[in-house]
Amino acid sequence: MFDRRRRGRRLIRIGALVRHNLGLLVREPGPLVSRIVVPLLLMSLMAPLYRAAMPDGGTAAAVTGVGVTFSLLALSIVGTSILSERTWHTWDRLRATAAHPAELLAGKAVPAVAVLAVQQAALFTYGSWILGLRIAHPALLATAAGAWILALLGLGAAIGTLAPSHGALSAACDLGSVLTTCLGGALVPLAVLPGWARAVAPVSPGYWAVTAMRAALSGEPGTTLRHGAVLVGLGLAAGALACWRISRGWGRSRLL
Amino acid sequence: MIVAEQLVKRYGPVTALDGFDLTVAPGEIVGLIGHNGAGKTTFAEIVAGLVRPDAGRVEVTGTPGLSPQEPALYLPATVRQNLRLFAGLAGLHGRRLRAAVDEIATALRVTGLLDRPVGTLSGGQRRRVQAATAMVQRPAALLLDEPTVGADPASREALLQVVRDRAGDGAAVCYTTHYLPELDDLDATLAVAARGRVIARGPRARLLDGLPGHVAVRFAGPVPAALREQGTVIDGELHIPTTDPAATLGALLRDGHSPTGVDMRKPTLDDLYHVLAVPPAVASPAAASPAGVPHV
């Protein structure tokens, strides 16, 4: 009885946080819309180019490449939602409530996951319906996309907790995304990159995302799951870093 | 109930709390006063669970409602959304949540602001909203850190009334302010913090007992030379410190002096604050250990 009541209160608190964070996201819909609509346009423009260069798998390269590039740019949505809590000094107020830190993170994560899932779903649905992308194993693709979303969530949270300002966060997200997607073979296929770039490509999260998704599209469970596991590990490590930083707080006392 | 015993907190070489003791009983309002850096905010952060003390013990009934010194609200969200969030985090939902939001909004006179984004409000209005978010869920313990800064008189009175009501309902209230007359309005008992500890604690009357008030007298001409050594001449007025202003004035008149203007002032919280809480570098040696002030 007591446990059920406690669980009920926990759900009420998580619900309040999710509603609130979704409300904040919807209040400024510009970044959300641009990160969903712009990749669709870019994908349409780049697909013919990729098909001409890669007769076998050009559409898959265009969809996954643009998808990964723009989902990395969506890091700033996750990062901003955490950094804003710091600049508004609201994070400590949340910590002072009855909500457990895990509930606070869940309240932040659920809307962010929803946004990233909508983005990924929009990209692959558009790629499949309009550009003729062949998805051999939809469940495998969903698994790869899920692993990628988890990695993005962890990376976004880590950037949001470590960035000292909104300018720094924006610069880190933009620069990091471009470097990661270029090195990872998202924008330019790995095969045409110089040897040194191919050698360092596995350092980039984009590499694991692109390869996991392309493997899922061609129905290769082994590669998808292996590379997906790397993304999950990366997401968990970055998330742990964010949790550690969050647990230290940003109260005024830290400045004494 | 808030119980803090022998709290110690250091930040590198800075000792923020150095054996801080304070108990606030249910239904009691304690006015915590002290100069900047006396440890008030660190104490509030520890009670709120934001900071762990290096030593000591703290016990609080339930989750305290916290209104920190620095405005901490969601600026793009409306006042209603801010209130709903904090009410929801306290476990309220549905009709009870809506009723709690409406009640605190009415009590703190922010009903007309409910659908405005907090970012469009004035500083005083934001403070009121912040206090509302701390009190919306009727917590058993309240930590209010200078909640009335920038508030107009009507808003200040509304806020003080809600604080009194919450205490009347049994909440333990720790109220920090530099605006001391508010503590009279709240009929608060006092705790004076200095150098990381509470150096005086008790009812206002007991703490003020024995503190000097003053008599300020003006004369048609210069202050008579015979009287100058009894006090300080400021702008042609003689200010005489005294614990009994009426008796001091009576003695002056009996001695044949004929002032043209008199101002008598009993000791106030400002005097207590000055005597006890002003840092040693500022306070005079005589003021540093006043006679008759009950220390803890």
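A. Molecular detail of empty space enclosed by the protein. Residue and element names in this part refer to chain A. Here the structure, examined in full by the defined rule, presents four cavities of 30 Å³ or more. When its volume is computed, the largest cavity comes out at roughly 70 Å³. Forming the walls of the largest cavity are Asn21, Leu25, Ile77, Val78, Ser81, Lys108, Pro111 and Ala112. Secondary structure elements with two or more residues in the lining of the largest cavity: α1 (2-27), α4 (75-87) and α6 (101-129). Per-class residue counts for the lining of the largest cavity are five nonpolar, two polar and one charged.

B. Layout of the sheet that holds strand β2 (residues 14-24) of chain B. Residues and elements named next belong to chain B. Taken in spatial order, the three strands make up an open sheet running β2-β1-β4, and their pairing is antiparallel. The outermost strands of the open sheet, each flanked by one partner alone, are β2 and β4 (55-60). Taking the axes of each pair of neighbouring strands and ignoring which way they run, one obtains an average angle of 20 degrees across the sheet. As paired elements, strand β1 (residues 2-11) and β4 share five bridges and run antiparallel to each other.

C. Geometry of the interface of chain A and chain B. Contact with chain A, which involves 24 residues of that partner, is made by 35 residues of chain B. Between chain A and chain B lies a buried interface of about 2,700 Å² when both sides are counted; carbon and sulfur atoms form 62% of it. If you look at where chain A meets chain B, you find zero salt bridges. Linking chain A with chain B are eight residue pairs in polar contact (both at pLDDT 80 or more). When contributions to the side of chain A that touches chain B are tallied by element, the ones reaching two or more residues are α1 and α5 (90-95) of chain A. Of the residues assigned to the side of chain A that touches chain B, the class counts are 10 nonpolar, six polar and eight charged.

D. Representation of the packing of helix α3 (residues 94-107) of chain B against helix α5 (residues 153-168) of chain B in the model. Residues and elements named next belong to chain B. Between α3 and α5, the least distance of the axes is 9 Å, while the angle of their chain directions is 130 degrees. With respect to α5, the axis of α3 lies oblique. Only Ala158, Val162 and Arg166 of α5 make contact with α3, whose side of the interface consists of Glu103, Ile104 and Ala107. Across the contact of α3 with α5, the residue classes break down as four nonpolar, no polar and two charged.

Cut-offs and rules
- Residues numbered from 1 in each chain as written.
- Chains lettered and ligands numbered in written order.
- Predicted model: local features only at pLDDT ≥ 70, side-chain atom pairs only at ≥ 80, totals over all residues.
- Heavy atoms only, no water.
- 1 Å grid on protein atoms, 1.4 Å probe; cavity = no way out; pocket = protein on both sides within 12 Å on 5 of 7 lines; lining within 4 Å.
- Points joined across faces, edges and corners; volume = space filled by probe spheres on them.
- Helix = DSSP H or I, 4+ residues; strand = E, 2+ residues; numbered from the N terminus.
- Nonpolar A, V, L, I, M, F, W, Y, C, P; charged D, E, K, R; others polar.
- Pairing = 2+ DSSP bridges.
- Axes fitted to C-alpha atoms, helices over the stretch in contact; angles between N-to-C directions.
- Contact = heavy atoms within 4.5 Å.
- Buried area = accessible area lost by both parts, 1.4 Å probe.
- Salt bridge = Lys/Arg side-chain N within 4 Å of Asp/Glu carboxyl O.
- Polar contact = N/O pair within 3.5 Å; in protein donor to acceptor, adjacent residues only side chain to side chain.
- Parallel < 35°, antiparallel > 145°, perpendicular 65-115°, else oblique.

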